[in-house]
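# Fold and contact review
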Amino acid sequence: MKVTRVVAGAAVAAAVLVSLNATGAPAAPVASVAPVAAAGQDAAVQGGNADTLRALAKRAGLKIGTAVDMSALNNDATYKDRVAAEFNSVTAENVMKWSEIEPTRGVLNFGPADQLVAFAKANGQSVRGHTLLWHSQLPGWLTEGVASGDIDSAELRQLLKQHVFDVAGHFRGKIYQWDVANEVIDDNGQLRDTIWLQKLGPGYIADVFRWAHQADPKAKLYINDYNVEGLNAKADAYYELVKQLKADRVPIHGFGMQGHLGVQFGFDGRALQNVQRFEALGLETSFTEVDVRMLMPADNPKLHAQANGYSILLRACLLAKKCTSFTVWGFTDKYSWVPGFFTGQGAANLLDENFGQKPAYQAVKETLALAG
Ligand code: 9MR
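Reference entry: report on the structure contained in this document.

The rules we used
- Residues numbered from 1 in each chain as written.
- Predicted model: local features only at pLDDT ≥ 70, side-chain atom pairs only at ≥ 80, totals over all residues.
- Heavy atoms only, no water.
- Helix = DSSP H or I, 4+ residues; strand = E, 2+ residues; numbered from the N terminus.
- Buried < 20%, exposed > 50% of the residue type's maximum accessible area, 1.4 Å probe, protein only.
- Areas by Shrake-Rupley, 256 points an atom, 1.4 Å probe, with all protein chains shown as cover.
- Pairing = 2+ DSSP bridges.
- Near = heavy atom within 4 Å.
- Polar contact = N/O pair within 3.5 Å; in protein donor to acceptor, adjacent residues only side chain to side chain.
- 1 Å grid on protein atoms, 1.4 Å probe; cavity = no way out; pocket = protein on both sides within 12 Å on 5 of 7 lines; lining within 4 Å.
- Sits in = over half its atoms within 2 Å of the grid points.
- Nonpolar A, V, L, I, M, F, W, Y, C, P; charged D, E, K, R; others polar.
- Phe/Tyr/Trp six-rings, centres within 6.5 Å; stacked < 30°, edge-to-face > 60°.
- Axes fitted to C-alpha atoms, helices over the stretch in contact; angles between N-to-C directions.
- Parallel < 35°, antiparallel > 145°, perpendicular 65-115°, else oblique.
- Contact = heavy atoms within 4.5 Å.

## Some remarks on the overall build of the protein chain
What the protein chain contains, in helices and strands, is 15 helices and 14 strands. When each of the 372 residues of the protein chain is scored for burial, the buried share is 55%. Total accessible area computed for the protein chain in this model is approximately 15100 Å², and 52% of it derives from carbon and sulfur atoms.

In structure tokens form, the structure reads like this:
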């Protein structure tokens, strides 16, 4: 099927904290304490407010980022102020994904993503691109077309190539790091069984990196996944894959560790070793989607364990030589993806639902301050 490509919307650039009582038992939940002071955006942008995460991160030579929920950015002034004041990097939580950019075949909607890029520019922030290739959040016309046989393998490959050139090309020069390939290996360390692997074969991974590099030669191109923050079979599989891609001269520049942790699982203390082995392959590294969830309700031990989880990853990044960005997947429990995906779990972010600082926020701040 031939489709004329149209760009729509381009012109529209458009835990509660729980305190321990004297006996050490959890007391009733209290309202959030120490709401973050509303710092002026200009002061933060210029590094004038030394007390923000972004000012501390700048001194430490690190980009500190957050995923941005565009509907919160447009409807919640406190959220918007905090994004501007606390972070010097932003990632689109959803609006750069294929289902959002091209819900109708051939009609590209860059409006919400352009709005985020404009917001970032106005606030002196860098933009991480997320994500060019994933097996999830694909448009219905694509998955249904493949399932019905209307889209054969040759056409699918062409569609993927066009998508990479459309999106990476549209944002050319505006994205410092692209999550080019997301979640291509499963938890057993095998290439994930997706339509990409089934229809295109394993070479699709090298292809998307080569296309992305042609479309935006200056962007650092990342491979990105979860459950790869320590030493395990999945991280080992990535190590071998990246080694092979480098040997094949594929333009891959970064290894992204998402960092979706949970206090109930404990933390692998070998994050730094893992980061270092990828850096030894010649890659830079980043933590790209950090949050640390817990079984609800939150209490002080869990909140302090959570702070430890954030610190382990941030310390690994700061101690490594080429860890360039540390991004949290949202910064307030008010808009977290976690409760909707993991029943009974939540409170994964640095600030509570009322933008009150949690121990994790303090820990991130103190860790950054020590490094800077
Ligand atoms: O946070 C995102 C959520 O709003 C979406 O509904 C979800 C769709 O699968 O994707 C979430 O973000 C994911 C990210 O793009 C890739 N790594 C895992 C993240 C959490 O699921």
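## Focus: the pairing of strand β5 (residues 89-92)
For a regular strand, side chains alternate in direction, first toward one face of the sheet and then toward the other. Going residue by residue along β5, you find Ser 89 and Thr 91 tucked away on one face and Val 90 and Ala 92 tucked away on the opposite face as well. The sheet contact formed by strand β4 (residues 63-68) and β5 spans four bridges and is parallel. Across the sheet, residue Ala 67 finds its bridge partner in β5, namely Thr 91. As paired elements, β5 and strand β7 (residues 126-133) share three bridges and run parallel to each other. When the sheet's bridge partners are listed, Ser 89 is paired in β7 with Ser 126.

## A look at the site of the ligand
In the region of the ligand, 15 residues are neighbours, and Glu 93, Lys 97, His 130, Glu 289 and Trp 329 sit closest. Between the ligand and the protein, one listed contact pairs a nitrogen atom with a side-chain N or O atom of Gln 258 at 3.2 Å. Between the ligand and Trp 329 there is a distance of 2.9 Å, counted from an oxygen atom to a side-chain nitrogen or oxygen. When the free accessible area of the ligand is taken as 460 Å², the share hidden by the protein chains comes to 83%. According to the grid-proximity analysis, the pocket containing the ligand is the largest pocket. Counted by class, the shell around the ligand contains four nonpolar, seven polar and four charged residues.

## Observations concerning the packing of aromatic side chains
In the structure shown here, the tally under the stated rule is 13 aromatic pairs. Summarising the aromatic geometry, the rings of Tyr 238 and Phe 255 are spaced 5.6 Å apart at their centres and angled 50° between planes, so their arrangement reads as tilted. Here the residue Tyr 238 occupies a position in helix α11 (residues 233-247), and Phe 255 occupies one in strand β10 (residues 254-257), the gap between them amounting to 17 residues. Judged by its relative accessible area of 0%, Tyr 238 is buried. Using a relative accessible area of 0% as the deciding quantity, one classes Phe 255 as buried. With a centroid separation of 5.5 Å and 65° between ring planes, the pair formed by Trp 337 and Phe 342 is classed as edge-to-face.

## Things to note about the pairing of strand β8 (residues 177-182)
The element β8 is extensively covered by neighbouring structure, given that six of its six residues are classed as buried. With five bridges joining them, β8 and strand β9 (residues 220-225) adopt parallel strand pairing. Within the sheet, the bridge partner assigned to Asp 179 lies in β9 and is Tyr 222.

## Things to note about the packing of α11 against helix α12 (residues 271-280)
The geometry of α11 relative to α12 is characterised by a closest axis approach of 10 Å and an angle of 10° between their N-to-C directions. Taken together, α11 and α12 sit at an angle that is classed as roughly parallel. Counted together, Ala 235, Asp 236, Tyr 238, Tyr 239 and Val 242 of α11 and Asn 274, Arg 277 and Phe 278 of α12 form the full contact between these two elements. Partitioned by chemical class, the residues of the contact of α11 with α12 number five nonpolar, one polar and two charged.

Just distances and angles here, no functional claims.
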